[in-house]
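Take a look at the letters that make up each chain.
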Amino acid sequence: MEENKKNISRRDFLKTSGVATGALIGGGLIGGLVGYNINKNDSPTNKIAGTDEHSTQTDQGWQFFRNYREFDIIANATERIYPEDDQGPGAIGLGVPYFIDSQLAGQYGSNSKEYMHGPFEVGAPTQGYQSRLTRAEIFRQGIEMLDAEATKRFDKGFSKIEGAQMDEILTAFQKDEIKMAGVTSTFFFRLLRTATLEGAYSDPMYKGNVNMDGWRMKGFPGHQMAYINEIENEKFQKIEPQSLGGMH
Amino acid sequence: MVTTLSKVDVVVVGLGWTGGIIAAECAKAGLKVVGLERGEERGTEDYLKIHDEYRYAVRYELMQNLSKETITIRNNRKMSALPMRQLGSFLLGEGLGGSGTHWNGHTWRFYPYDFQIKTMTDKKYGPNKLSKDYQLQDWGITYEELEPYFYTYEQTIGLSGEDKNPFLKRKDPFPTPPMKRTPILKKFEKATQDLGYSPFMLPSANLSESYKNPDGESINACQYCGFCERFGCEYGAKSSAEITVIPTAIKTGNFETRVRANVVEVIKSGNKVTGVRYINTLSGEEFIQPAEVVVLTSYVMNNAKLLMVSNIGEQYNPDTGRGTLGKNYCYQILPGATGFFDDQMNTFMGAGALGMTIDDFNADNFDHSDLDFIHGGSLSITQTGARPIESNPIQRDTPTWGAEFKKASIHNFTRTLSIGAQGASMPHKENYLALDGKYKDAYGIPLLQMTYNFTEQDRALHVYITEKATEIMKEMGAKTVESRTPITDYDIVNYQTTHNTGGTIMGASPENSVVNSYLQHWDAENLFVVGAGNFAHNGGYNPTGTVGALAYRSAEGIINYSKTGGSLV
Ligand SMILES: Cc1cc2nc3c(=O)[nH]c(=O)nc-3n(C[C@H](O)[C@H](O)[C@H](O)COP(=O)(O)OP(=O)(O)OC[C@H]3O[C@@H](n4cnc5c(N)ncnc54)[C@H](O)[C@@H]3O)c2cc1C
Ligand code: SF4
């Protein structure tokens, strides 16, 4: 099997993902993608969700996720939140799942700069985050619940259902219709949505915003030293983005 | 085990703007000063790779580490107060420079009306304009008395501006000319002029040109890099304590900074204080730093908390109205409107204090006879540099995720402008600070507890000023204008402003205030408490221009006190 998987560069992977997305609205996209046989002659729809073939070439390894099931659920959910379209890549193409993976493994995931001492009470919405859970714990539970909810409603895991069905489930989370332990599903959804945007638009050193394509779509030039010479210009300035890593 | 160190003339607790000003002035006058700061040392060299929205603006790299200390919060006394577990509504400072490292630099003088708000409101509108629940009071100082100190602060920071606000006559010129009038600002300028208002460039501590201040510190010219609010300036072009007053203090040879020193108590004996107790945040060792004069410059929250845990002054009680400590906590009301335009604009270029303002609806610059609120707010357009994680503008009927969201938020990123007011906030008997009975900080000390909600006054002000913002945004030619929704309950989740005020208010009498007009504590003559906590209400502007002026006047008081002792008033 291994020999079927050709070496592909990151850019190729993105291009490929574009093909895949166009063809598979809603099918378990990353499940499809990572299992996608890179042979261009293969129809992408041949290998979608549910396969356990995984291209290690495109894998970056995980700091937080434990298995493809977890990773694929986050990948698919974030892609629904921020989908690929004619403007450019979605969450998957931008590397958002890897961004989330490394964030959950660090300070963000362990809430280490936040007040995490009890007693914990539910509190009013105006009092903000009152969960005893860290973000890493919330995500892990949220992933399980996304999968459980998909199984309950559609008899299939989250990554194997149609896009519209994923949206239905994500909406149920957003509207607090799913019962989670120690946190509301609305809160988990908000966290997921925010993390998706953070991954799409943070500096590429965090593993998201691959190739600065998030910035490019938005017309944001990233890190520039100065705008003193352009800021009085009446015309909109299209500026090639620059990342911190690309600094001289 | 506690180690008692040798006595100094002045110990300053916290090294932001206020601590830096007090330290510089006292050290220049020959006093031996130690500055204790719980956070780290930092300066311009630490900001060279700072154009990183995620780390600095979203994950709050430069701000207070809440795992060590936070506050608790509730909207009213019936609720149980719970810890603010994450930063949100306001971003507390930590480290050398305090919040002044990552501030925007809008620098204002509060109006004469602010300092005598009770007298002037009663005189013009009668004593019952607001109900008795609003604890309006004069500040025990007038604008005229404070004016020279405003100017001193403006010279220290090299304030860039133009003397075109028709509602405030200035005796002194701005130290540097205004910043650039960008196309975005010009849209606002034209619209407000056409509507009959009087726009002027927002006074900015991001400097229009390089400048040397009277202490000999150089501040560079702003490069409009767009990573300003929530960031330190890699050019040394945003005036902040670590590039002005702190080096000034160090140069005298009379000042020592001691970072990673978290003060936990002010030690009082009789009607004086003898020093402070602090903990080295790395080793956990405890020290007593004795001093002739103790100055609290640890921001609104910890200035109040340190007095409370040290039992200095009487805690305010909302049932009886007795006590002054913790009273008159106020915030900032943020009316405004957003406009969606057809054409792309360079919204991502900017500087923290690049903006244009009208004051036609600030203070008592307009008649309130037929209105059910007092005061108002400065209305500004600012071009601070939109960044893509935090700025995803969509209209209210657009979904917040999915294909439509992506399309709209990308489209609008360079086509959206906002006008916002810094609305004044009036004190209310139910809004106050106290000590929490349940939650503790990393040193085992109770957290500060905030009880705060918006009031009827706030809501009325918000609606009225929002209408004005909407009118201007329409005039600017926006295709669609959305007014900010009326405010309901205060919530700590979304960023509003770090313009917390009150709790250690100044005034003319110990009956109704914590400190006198030199910010000298009424109950301990060698204790000074400096910051926006001194405000008896919050005005229609960002606070720091007024905080800086009060700090300079207080420094003068401290120097005089060191010679003569006794009450300064
Ligand atoms: C993002 C942002 C933008 C802002 N923009 C503006 C603006 O445009 N215009 C304006 O007027 N204002 C603005 N502000 C507010 C302004 O930054 C503050 O008003 C000002 O910096 C406060 O100065 P300070 O010295 O009172 O307090 P701080 O700067 O908060 O300094 C207090 C210091 O005390 C230290 N400290 C606290 N407790 C202890 C303790 N127990 N022991 C030892 N040290 C302690 C802290 O670590 C901190 O360094 C902004 C604030 C933020 C966060
Ligand atoms: S906008 Fe100007 S003052 Fe602000 S950080 Fe950039 S260069 Fe410095």
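Sequence order as written defines residue numbering, which begins from 1 separately in each chain. As they are written, the chains are lettered A onward and the ligands numbered 1 onward, keeping that order. Only residues with pLDDT of at least 70 are given local features in this predicted model, and only at 80 or more are side-chain atom pairs given and counted; all residues enter the totals for whole chains, interfaces and linings. Side-chain numbers come from the whole structure's heavy atoms, not from hydrogens or water.

What am I meant to see in the overall build of chain A here?
When its secondary structure is counted, chain A shows 9 helices and 0 strands. A run of DSSP states H or I qualifies as a helix once it reaches four residues; a run of E qualifies as a strand once it reaches two. Both are numbered from the N-terminal end. The secondary structure elements of chain A, listed N-terminal to C-terminal, are α-α-α-α-α-α-α-α-α. Expressed as a percentage of the 248 residues in chain A, the buried residues total 56%. The contacts of chain A with a sequence gap of at least 6 include a subset with a gap of at least 24, amounting to 59%. Method for areas: the Shrake-Rupley scheme with a 1.4 Å probe, in which residue coverage is limited to the protein chains shown. For chain A, the computed accessible surface area is about 10700 Å², with 50% contributed by carbon and sulfur atoms. Each residue is assigned to one of three classes by its accessible area relative to the maximum for its type, calculated with a 1.4 Å probe on protein chains only: buried under 20%, partly exposed between the two thresholds, exposed over 50%. The contact rule is simple, with two residues in contact once any of their heavy atoms fall within 4.5 Å.

Just to check I follow, could you spell out helix H8 (residues 299-309) of chain B for this structure?
In an α-helix, one full turn covers 3.6 residues, which means residues spaced three or four apart are oriented alike. A large share of H8 of chain B lies buried, amounting to 9 of its 11 residues. Asn311 of chain B, located one to two residues past H8 of chain B, shows a positive phi value of around 60 degrees.

What exactly am I supposed to notice about the confidence of the model for chain A here?
A low pLDDT means the predicted coordinates there should not be read in detail. Put simply, chain A has an average pLDDT of 83, and 76% of its residues get 70 or more. You can read pLDDT as the predictor saying how much it trusts each residue, on a scale of 0 to 100. Across residues 1-57 of chain A, confidence stays below pLDDT 50; counting only partners more than four residues off in sequence or on other chains, it has 92 contacts.

Help me understand the environment of Trp215 of chain A in this model?
Structurally, Trp215 of chain A is set in helix H9 (residues 213-218). In this structure Trp215 of chain A comes out as buried when scored by relative accessible area, which is 4%. Note: C-alpha distance between Trp215 of chain A and Tyr201 of chain A (14 residues apart in sequence) is 6.2 Å. Residues in contact with Trp215 of chain A, not counting those within four places in the same chain, are Tyr201, Ser202, Asp203, Pro204, Asn209, Phe220, Gly222, His223, Pro241, Gln242 and Ser243 of chain A together with Pro388 of chain B.

Please explain the pattern of salt bridges as it appears in this structure.
A side chain with one charge may pair with a side chain of the opposite charge, provided their charged atoms come close. Residue and element names in this part refer to chain B. Salt bridges are defined as contacts in which a side-chain nitrogen from Lys or Arg sits within 4 Å of a carboxyl oxygen from Asp or Glu. The tally for this structure, following the rule as stated, stands at 47 salt bridges over all chains. The partner of Lys28 in a salt bridge is Asp215, and the shortest N-O contact between them spans 2.7 Å. In this pair, Lys28 sits in helix H1 (residues 17-28) while Asp215 sits in the loop between strand E7 (211-212) and strand E8 (218-219), placing the two residues 187 residues apart along the sequence. In this structure, a network of salt bridges that share partners links the residues Arg109, Glu147, Glu154, Arg170, Lys171 and Asp172.

I'm lost on the nonpolar core in this one. Help?
The nonpolar side chains of a soluble globular protein tend to be buried with one another. Joining through side-chain atoms within 4.5 Å is the link that ties buried Ala, Val, Leu, Ile, Met, Phe, Trp, Tyr and Cys residues into a set, and such a set is a nonpolar core. One finds Phe139 and Phe158 of chain A together with Met476 and Leu527 of chain B to be the most contacted residues of the largest nonpolar core, which totals 222 residues. If we ignore the near neighbours within four places in the chain, the residues touching Phe158 of chain A are Ile73, Asn76, Ala77, Leu146, Asp147, Ala150, Met166, Ile169 and Leu170 of chain A.

So what exactly am I meant to see when it comes to the side chain of Thr455 of chain B here?
Structurally, Thr455 of chain B is set in the loop between strand E18 (446-451) and helix H10 (456-475). Not counting the four nearest positions on each side in its chain, Thr455 of chain B is found in contact with Tyr134, His428 and Asn431 of chain B.

Help me understand the interface of chain A and chain B in this model?
Accessible area lost upon the coming together of the parts is a frequently used measure of interface size. Between chain A and chain B, the contact holds 70 residues from the first and 73 residues from the second. Of the roughly 5800 Å² buried between chain A and chain B on both sides combined, carbon and sulfur atoms contribute 58%. Here's the idea: put two parts together, see how much 1.4 Å probe accessible area each one loses, and the total over both is what we call buried area. Of all residues in chain A, Tyr115, Lys218 and Ile231 of chain A give up the largest surface area on contact with chain B, accounting jointly for 15% of the area buried on that side. Applying the counting criterion to the chain A and chain B interface returns 4 salt bridges. Taking the shortest distance from any N to any O, the salt bridge between Asp85 of chain A and Lys406 of chain B comes out at 3.0 Å. In protein, a polar contact means a hydrogen-donor-capable atom and an acceptor-capable atom, both N or O and within 3.5 Å, with residues adjacent in sequence counting only if both atoms are side-chain atoms; elsewhere, any N or O pair within 3.5 Å suffices. Our count for the contact surface shared by chain A and chain B stands at 40 residue pairs in polar contact (both at pLDDT 80 or more). For the side of chain A that touches chain B, the secondary structure elements donating two or more residues are helix H3 (68-81), helix H4 (96-104), helix H7 (163-174), helix H8 (185-201) and H9 of chain A. It is H8 of chain A that provides the largest number of residues to the side of chain A that touches chain B, a total of 5 residues.

What is the right way to look at the environment of Gly437 of chain B in this model?
Residue and element names in this part refer to chain B. Here Gly437 shows up in strand E17 (residues 432-440). Accessibility expressed as a relative area gives 76% for Gly437, which makes it exposed. C-alpha of Gly437 to C-alpha of Pro399: the two residues are 38 residues apart in sequence and 42 Å apart in space.

Looking at this structure, I do not really get the sheet that holds E17 of chain B. What am I missing?
All names here are of chain B. With mixed pairing, 4 strands are arranged side by side in an open sheet as E5-E4-E18-E17. Only two strands of the sheet have a single partner each, and these edge strands are strand E5 (82-83) and E17. Pairing between two strands requires that DSSP report at least two bridges joining them. Bridge count for strand E4 (residues 71-74) against E5 is 2 bridges, and the pairing is antiparallel. Across the sheet, the residue bridging to Thr72 is Pro83, located in E5. Axis definition: a line fitted to C-alpha atoms, over the contacting stretch in the case of helices. Angles run 0 to 180 degrees between N-to-C directions. Strands E4, E17 and E18 of the sheet are contacted by H8, whose axis makes an angle of about 120 degrees with E18.

What's the story with the confidence of the model for chain B in this structure? I'm lost.
For chain B, the average pLDDT comes to 98, and 100% of its residues sit at 70 or higher. Across the assembled chains, the prediction reports ipTM 0.96 with pTM 0.93.

Just checking my understanding: could you explain the side chain of Ser517 of chain B for this structure?
Residues and elements named next belong to chain B. Residue placement: Ser517 occurs in the loop between strand E19 (480-483) and strand E20 (527-529). Judged by relative accessible area, which is 7%, Ser517 ranks as buried. If sequence neighbours within four positions are ignored, Ser517 has contacts with Gly140, Ile141, Met506, Gly507, Arg553 and Val569.

Which parts of the structure should I look at to understand the sheet that holds strand E15 (residues 377-384) of chain B?
Residue and element names in this part refer to chain B. Overall, antiparallel pairing links the 6 strands, which are arranged E6-E14-E15-E16-E13-E19 in an open sheet. A single partner strand is all that each edge strand has here, and the edge strands are strand E6 (200-201) and E19. Across 5 bridges, the pairing between E15 and strand E16 (residues 416-423) is antiparallel. Bridging from a neighbouring strand, Leu379 pairs with Ala421 of E16. Sheet contacts for helix H6 (residues 183-194): E6, strand E14 (350-358), E15 and E16; angle to E14, the most-contacted strand, approximately 5 degrees.

Help me understand the packing of aromatic side chains, please; the structure alone is not making it clear to me.
Each aromatic ring pair is described using two quantities: the centre-to-centre distance and the angle formed by the ring planes. Residue and element names in this part refer to chain B. Stacked, tilted and edge-to-face are the three classes applied to pairs of Phe, Tyr and Trp rings, where Trp contributes its six-membered ring and a pair requires centres within 6.5 Å; stacked means planes under 30 degrees apart, edge-to-face means over 60, and tilted covers the rest. Per the counting criterion, the structure on display carries 49 aromatic pairs over all chains. Considering the side-chain rings of Tyr56 and Phe231, the 6.2 Å spacing of their centres and the 45 degrees angle between planes classify their relative orientation as tilted. Residue Tyr56 is found in helix H2 (residues 53-58), and its partner Phe231 is found in the loop between E8 and helix H7 (245-251); the two are separated by 175 residues along the sequence. Taking relative accessible area as the criterion, Tyr56 reaches 6% and is therefore assigned buried. An aromatic cluster is present here, built from Trp108, Phe110, Tyr111, Phe115, Trp139, Tyr143, Phe150, Phe200, Phe535 and Tyr541 joined pairwise through their rings. Whether a charge sits over a ring depends on NZ of Lys or CZ of Arg being within 6 Å of the ring centre and within 35 degrees of the ring normal. For the cation-ring pair, Arg230 lies above Tyr495, with the distance from its terminal atom to the ring centre recorded as 4.7 Å. In this arrangement the basic side chain of Arg553 is found over the ring face of Tyr518, its NZ or CZ atom lying 3.9 Å from the centre.

What exactly am I supposed to notice about the pairing of E14 of chain B here?
A regular strand carries its side chains on alternate faces of the sheet. All names here are of chain B. Within E14, 9 of the 9 residues are buried, leaving the element largely enclosed by the surrounding structure. In this sheet, E14 lies alongside E6 in antiparallel orientation, the contact comprising 2 bridges. Bridged to Phe200 within E14 is Thr357. Here E14 runs beside E15; their pairing, made up of 5 bridges, is antiparallel. By the bridge assignment for E15, Gly355 is matched with Thr382.

Which parts of the structure should I look at to understand the site of ligand 1?
Residue and element names in this part refer to chain B. We call a residue near a molecule or strand when any one of its heavy atoms sits within 4 Å of it. Surrounding ligand 1, one finds 35 residues, the nearest of these being Thr18, Glu37, Ser99, Asn302 and Thr544. Between an oxygen atom of ligand 1 and a main-chain N or O atom of Ser99, the distance comes to 2.8 Å. Contacts to ligand 1 include Asn542, whose side-chain N or O atom sits 3.5 Å from a nitrogen atom. Those elements that provide at least two residues to the shell around ligand 1 are H1, strand E3 (33-37), strand E10 (261-269) and H8.

Mind showing me how you'd approach H6 of chain B here?
Residues and elements named next belong to chain B. Take the residue count of a helix, subtract one, and multiply by 1.5 Å to get its expected span. With 12 residues, H6 should cover 16 Å at 1.5 Å per step; its first-to-last C-alpha distance of 16 Å lies within 8% of that length. Pro183, Ile184, Leu185, Phe188, Glu189, Ala191 and Thr192 are the residues of H6 that are buried. In this structure, the buried side of H6 is in contact with E6, E14, E15, E16 and H10. In the stretch just after H6, Gly196 is the one whose phi turns positive, near 90 degrees.

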